[in-house]
Amino acid sequence: MLPLRELQSRFAAVAAGRLLAEQAFADSGCVVEDAPGAAARLAIHVHHFRLTLIEALGATFPVVRRLVGDAFFTAAARRYVLSQPPQRPCLFEYGDGFPAFLASLPEAGSLGYLADLARLEWAINRAHHADDVPSLDAAAAAAQIEAPSCDLFIGLDPSCRLVKSAWPVDRIWHVHQQGDDEIAPVDLEAGGVQLFIHRQDGEVGWLKLDAAAFAFIGSLLADGRLGKANALARAIAPSFNAPALLESLFEGGVVASVTAIN
């Protein structure tokens, strides 16, 4: 009889192989063969596993699912599950590649905004589940920023995300929060958006940003250096007001740390 650990490892390997391939199960050699048979029982397990992943994607991308309908979404999600199985055990962490996958689907070619809408929903999901960090003494941090003796590192809250789209995905998302009879039309020619997504008091929301502010926050998220972020923003808009934007970030509770860089 196989040790439990080896049995579990072989079972996982067989299940993973079935998840990625459509051929019938070969005899796993690690499950007792009786009615209805090891292969059939493993197939039931994998079938439920796939359904769980598809349902998890539907929960993370509810507006995308509503737009394309259950049948289309289920078919697309199933193909995604087969091509990109989860690498982590938490279901809310699954789906980071789904927006790009949607963008690659020829069947979704007429819905140019669909992938960006999925990126917005993924950012909302990640912001909602981001780690909590201790609150910052905003007054002391603001004073440090007003009179810096050197460059500063600005650490933003882990919930912070940026989404840029050529489509009004924020409006598309909003109108689909209502019932089917209340969905208002969205002017797809209204122009794109640059959104700063974050969590405040347990609720996820966003701000619309101009190009300079978007570059500023993007630089802080990537590098954290205040001087570099300010230079990038001023290259776009020479009149960019970094202190005013930082003040709004403090008020929103999304600045997690301010540290002097030697």
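Our structure's up above, just so we're on the same page.
As the structure is a prediction and not an experimental result, all values here were calculated from the model. (Residues numbered from 1 in each chain as written. Predicted model: local features only at pLDDT ≥ 70, side-chain atom pairs only at ≥ 80, totals over all residues. Heavy atoms only, no water.)

(A) Inspection of the side chain of Asp157 at higher detail. Along the polypeptide, Asp157 turns up in the loop between strand E1 (152-156) and strand E2 (161-165). In this structure, Asp157 is buried with no salt-bridge partner, the nearest side chain bearing the opposite charge being Arg199 at 4.5 Å. For Asp157, the residues in contact, after removing those within four places along its chain, are Val133, Val254 and Ala256. (Helix = DSSP H or I, 4+ residues; strand = E, 2+ residues; numbered from the N terminus. Buried < 20%, exposed > 50% of the residue type's maximum accessible area, 1.4 Å probe, protein only. Lys, Arg positive; Asp, Glu negative; His and termini not counted. Salt bridge = Lys/Arg side-chain N within 4 Å of Asp/Glu carboxyl O. Contact = heavy atoms within 4.5 Å.)

(B) Geometry of the environment of Ile217. The residue Ile217 is located in helix H9 (residues 211-222) in this model. Sequence separation of Ile217 and Leu249 is 32 residues, and the distance between their C-alpha atoms is 9.8 Å. Dropping the residues within four chain positions of it, Ile217 is found in contact with Leu156, Leu162, Phe196, Leu209, Leu245 and Leu249.

(C) Examining H9 more closely. Spanning twelve residues, H9 covers 16 Å between terminal C-alpha atoms, matching the ideal 16 Å at 1.5 Å per step. Here H9 has its buried residues at Ala212, Ala213, Phe214, Phe216, Ile217, Ser219 and Leu220. Buried residues along H9 sit against E1, E2, strand E3 (193-200), helix H10 (226-236) and helix H11 (242-251). Backbone nitrogen of Ala212 and a side-chain oxygen of the N-cap are separated by 3.3 Å at the start of H9; the cap is Asp210. Positive phi appears at Gly224, one or two residues downstream of H9, with a value of about 90 degrees. (Expected span 1.5 Å × (residues − 1). Polar contact = N/O pair within 3.5 Å; in protein donor to acceptor, adjacent residues only side chain to side chain.)

(D) A look at the side chain of Asp170. Mapped onto the fold, Asp170 is located in helix H8 (residues 169-175). Here Asp170 falls in the buried class, since its relative accessible area comes to 6%. Here Lys208 takes part through its side chain, which lies 3.2 Å from a polar atom of the side chain of Asp170. Once you skip the residues sitting within four places of it in the chain, Asp170 turns out to touch Leu120, Val193, Leu195, Trp206 and Lys208.

(E) Inspection of the layout of surface pockets at higher detail. Of the pockets and cavities examined, the largest pocket occupies roughly 330 Å³. Val133, Ser135, Asp157, Gly253 and Val254 are, among the 19 residues lining the largest pocket, the residues nearest its centre. For the lining of the largest pocket, the elements supplying multiple residues, two or more each, are E3, H11 and strand E5 (255-260). The leading source of residues in the lining of the largest pocket is H11, at three residues. Within the lining of the largest pocket, the residues separate by chemical class into nine nonpolar, five polar and five charged. In this structure, the second largest pocket spans a volume of roughly 270 Å³. In terms of lining, the second largest pocket is formed by 15 residues, of which the most central are Ala142, Ile145, Glu146, Pro243 and Leu246. Those elements giving two or more residues to the lining of the second largest pocket turn out to be helix H7 (138-146), H10 and H11. Sort the elements by how many residues they give to the lining of the second largest pocket and H11 lands first, with five residues. Looking at the lining of the second largest pocket residue by residue, the classes come out as eleven nonpolar, one polar and three charged. (1 Å grid on protein atoms, 1.4 Å probe; cavity = no way out; pocket = protein on both sides within 12 Å on 5 of 7 lines; lining within 4 Å. Points joined across faces, edges and corners; volume = space filled by probe spheres on them. Nonpolar A, V, L, I, M, F, W, Y, C, P; charged D, E, K, R; others polar.)

(F) Molecular detail of the pattern of salt bridges. Here the structure, examined in full by the defined rule, presents seven salt bridges. Across the salt bridge formed by Asp116 and Arg119, the nearest N and O atoms sit 2.5 Å from each other. Highlighted residues: Asp116 and Arg119, both in helix H6 (residues 114-129), separated by three residues, approximately one helical turn. For Asp116, a relative accessible area of 13% puts it in the buried group.

(G) A look at helix H4 (residues 70-83). A rise of 1.5 Å per residue sets the reference length of H4, with its 14 residues, at 20 Å; its end C-alpha atoms lie 20 Å apart and thus fit the reference within 8%. Turning to H4, its buried residues are Phe73, Ala76, Ala77, Tyr80, Val81 and Leu82.

(H) Broad picture of unusual backbone geometry. Phi at Asp201 takes a positive value of approximately 55 degrees, unusual for a residue other than glycine. Residue position: Asp201 is located in the loop between E3 and strand E4 (203-208).

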